[in-house]
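Listed below, chain by chain, are the residues.
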Amino acid sequence: MDTILQPVPQLLAGKKGLILGVANEWSLAWGIAQAAHAAGAKLTLTYPNEALQRRVLPMAAQLEADVMECDVQDDGHLAGLGTHFAKAGNQLDFVVHAVAFANKEELKGGITNTTREGFRTALEVSCYSFIGLTKALAGALNPGASLLTLTYEGSTKVVPNYNIMGVAKAALESATRYLAAELGPQGVRVNAISAGPINTLAARGIGGFGGMLKHHEATAPLRRLTTQEDVAGAALYLLSGLGSGTTGEVLMVDTGAHIIGPTPANVS
């Protein structure tokens, strides 16, 4: 990880965390996992299927992390996580939900390309999974625990080809607020990070993504792309005691792009 994260190596010392969504070294979840490990946390990573298990196992080994199977569309898998972490009493100090999916053919053209099945899949994987995961882990969260999910500005603004994922992310942000209100009395915080466009494997499935990156870099106030390290640093704030007074928030981590109004598409 970038040296900017090194001055706080004990920020999560003695804390236990669960991270869903690590797929490869470009995953935002992987950046957060590396930062949390460097800050002293003991981690458990999940994988949804055998194909991703082969990728996740060697990555988990780098962080001395435990590994568990969890397909978020399987209620039995979610319940299994809850049982595993609750069996010895409350055990989790933070949870990172970095899971989203939409059928690739529905990330082209307009929103009316969305099929009923595609709508269901996108909302189930990208939004309901956060609610279902939170419910399953209710008995396994330590006092003061922090839950974090990842979203994108396509939830509130129209992004070409983002389509049903924008609708799903809007639902996810709303769910974040409702979960924050429900879990707040137990001292549990729930937040989201809205990251700028980052060249992850999932993002490459969005039509015209390369042009989006160029435009972001040319027009964002910091005149650079958002990085994995940017997101990981913000996650450390929200997952640690530094963010003890923050809940129900969608934190923008996009090098300032969200404050800029319409700009010409050919900005150089």
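Everything below is about the structure shown above.
Everything numeric in this text was worked out from a predicted model, so none of it was measured.

Novice: Run through the packing of aromatic side chains, naming residues and quoting values.
Specialist: Counted by the stated rule, this structure contains one aromatic pair. Relative to Tyr162, the ring of Tyr152 lies with its centre 5.1 Å away and its plane at 75°, an arrangement referred to as edge-to-face. Of this pair, Tyr152 sits in the loop between strand E5 (141-151) and helix H5 (164-183) while Tyr162 sits in the loop between E5 and H5; the two residues are 10 residues apart in sequence, bridging distant segments of the chain.

Novice: Go over the environment of Ala192, please, and point to the residues and values.
Specialist: Relative to the elements of secondary structure, Ala192 occurs in strand E6 (residues 189-195). Residues Ala192 and Gly248, 56 residues apart in the sequence, show an inter-C-alpha distance of 7.7 Å. Beyond its immediate stretch of four places on either side in the chain, Ala192 contacts Leu148, Thr149, Thr151, Thr176, Leu238, Glu249, Val250 and Leu251.

Novice: Mind laying out the packing of helix H4 (residues 116-136) against H5, listing which residues take part and the relevant values?
Specialist: In the contact formed by H4 and H5, the axes pass within 9 Å of each other and the chain directions differ by 15°. One element, H4, and the other, H5, form an angle in the roughly parallel class. For H4 against H5, the interelement crossing comes out right-handed. Listed contacts from H5 to Phe119, Ala122, Leu123, Ser126, Cys127, Phe130, Ile131 and Thr134 of H4 are Ile164, Met165, Val167, Ala168, Ala171, Leu172, Ala175, Thr176, Leu179 and Leu183. The class makeup of the residues in the contact of H4 with H5 is 15 nonpolar, three polar and no charged.

Novice: Can you break down the side chain of Glu173 residue by residue, with the values?
Specialist: Note that Glu173 resides in helix H5. Lacking a salt bridge, the buried Glu173 has Arg177 as its closest oppositely charged neighbour, with an N-O distance of 4.8 Å. Here Glu173 is in contact with Thr151, Tyr152, Ser155, Thr156 and Val250, once residues within four sequence places are set aside.

Novice: A description of helix H1 (residues 28-38) should follow, citing residues and the corresponding values.
Specialist: The element H1 is largely enclosed, with a buried count of nine among its 11 residues. Burial in H1 covers these residues: Leu28, Ala29, Trp30, Gly31, Ile32, Ala33, Gln34, Ala35 and Ala36. A positive backbone phi angle near 105° is found at Gly40, which sits one or two residues after H1.

Novice: Explain the pairing of strand E1 (residues 16-20) residue by residue, including any values.
Specialist: Within E1, four of the five residues are buried, which leaves the element mostly enclosed by the surrounding structure. In terms of strand pairing, E1 meets strand E2 (residues 42-47) through four bridges, oriented parallel. By the bridge assignment, Ile19 is partnered in E2 with Leu45. Handedness of the crossover joining E1 and E2 through H1 is recorded here as right-handed. Of the pairings in the sheet, the one linking E1 to strand E4 (residues 92-97) comprises four bridges and is parallel in character. Within E4, the position partnered with Gly17 by the bridge is Phe94.

Novice: Talk me through the packing of helix H3 (residues 75-86) against H4; I want residue IDs and the actual numbers.
Specialist: Helix-helix packing is described using two parameters, namely the angle between the two axes and the distance between the axes. At a closest axis distance of 8 Å, the pairing of H3 and H4 adopts a crossing angle of 35°. Read as a crossing pair, H3 and H4 show a hand that is right-handed. From H3, Leu78, Ala79, Leu81 and Gly82 reach across to H4, where they touch Gly132, Leu133 and Ala136. Residues belonging to the contact of H3 with H4 are distributed by class as follows: five nonpolar, two polar and no charged.

Novice: Break down unusual backbone geometry for me, with residues and values.
Specialist: Peptide bonds are, in most cases, trans, and in most cases residues other than glycine have a negative phi. Notably, Asn163 is not glycine yet its phi reads approximately 50°, a positive angle. Within the secondary structure, Asn163 is located in the loop between E5 and H5. Look at Arg223: it is not a glycine, yet its phi comes out positive at around 55°. Here Arg223 is to be found in the loop between helix H6 (209-219) and helix H7 (228-239).

Novice: Please give an account of empty space enclosed by the protein that cites residues and values.
Specialist: The gaps left among the atoms become clear once a water-sized probe is rolled over them. Under the counting rule described, the total for this entry stands at one cavity of 30 Å³ or more. What the largest cavity holds in volume is close to 40 Å³. Every residue lining the largest cavity is listed: Val95, Phe130, Leu133, Thr134, Leu137, Leu141 and Leu147. Residue assignment for the lining of the largest cavity shows that the elements contributing at least two residues are H4 and E5. Among the elements that take part in the lining of the largest cavity, H4 stands out by supplying three residues, more than any other. The residue inventory of the lining of the largest cavity, partitioned by class, reads six nonpolar, one polar and no charged.

About the cut-offs
- Residues numbered from 1 in each chain as written.
- Predicted model: local features only at pLDDT ≥ 70, side-chain atom pairs only at ≥ 80, totals over all residues.
- Heavy atoms only, no water.
- Phe/Tyr/Trp six-rings, centres within 6.5 Å; stacked < 30°, edge-to-face > 60°.
- Helix = DSSP H or I, 4+ residues; strand = E, 2+ residues; numbered from the N terminus.
- Contact = heavy atoms within 4.5 Å.
- Axes fitted to C-alpha atoms, helices over the stretch in contact; angles between N-to-C directions.
- Parallel < 35°, antiparallel > 145°, perpendicular 65-115°, else oblique.
- Left-handed = near helix turned anticlockwise from the far one by under 90°.
- Nonpolar A, V, L, I, M, F, W, Y, C, P; charged D, E, K, R; others polar.
- Buried < 20%, exposed > 50% of the residue type's maximum accessible area, 1.4 Å probe, protein only.
- Lys, Arg positive; Asp, Glu negative; His and termini not counted.
- Salt bridge = Lys/Arg side-chain N within 4 Å of Asp/Glu carboxyl O.
- Pairing = 2+ DSSP bridges.
- Right-handed = clockwise from strand over helix to strand, strands pointing away.
- 1 Å grid on protein atoms, 1.4 Å probe; cavity = no way out; pocket = protein on both sides within 12 Å on 5 of 7 lines; lining within 4 Å.
- Points joined across faces, edges and corners; volume = space filled by probe spheres on them.

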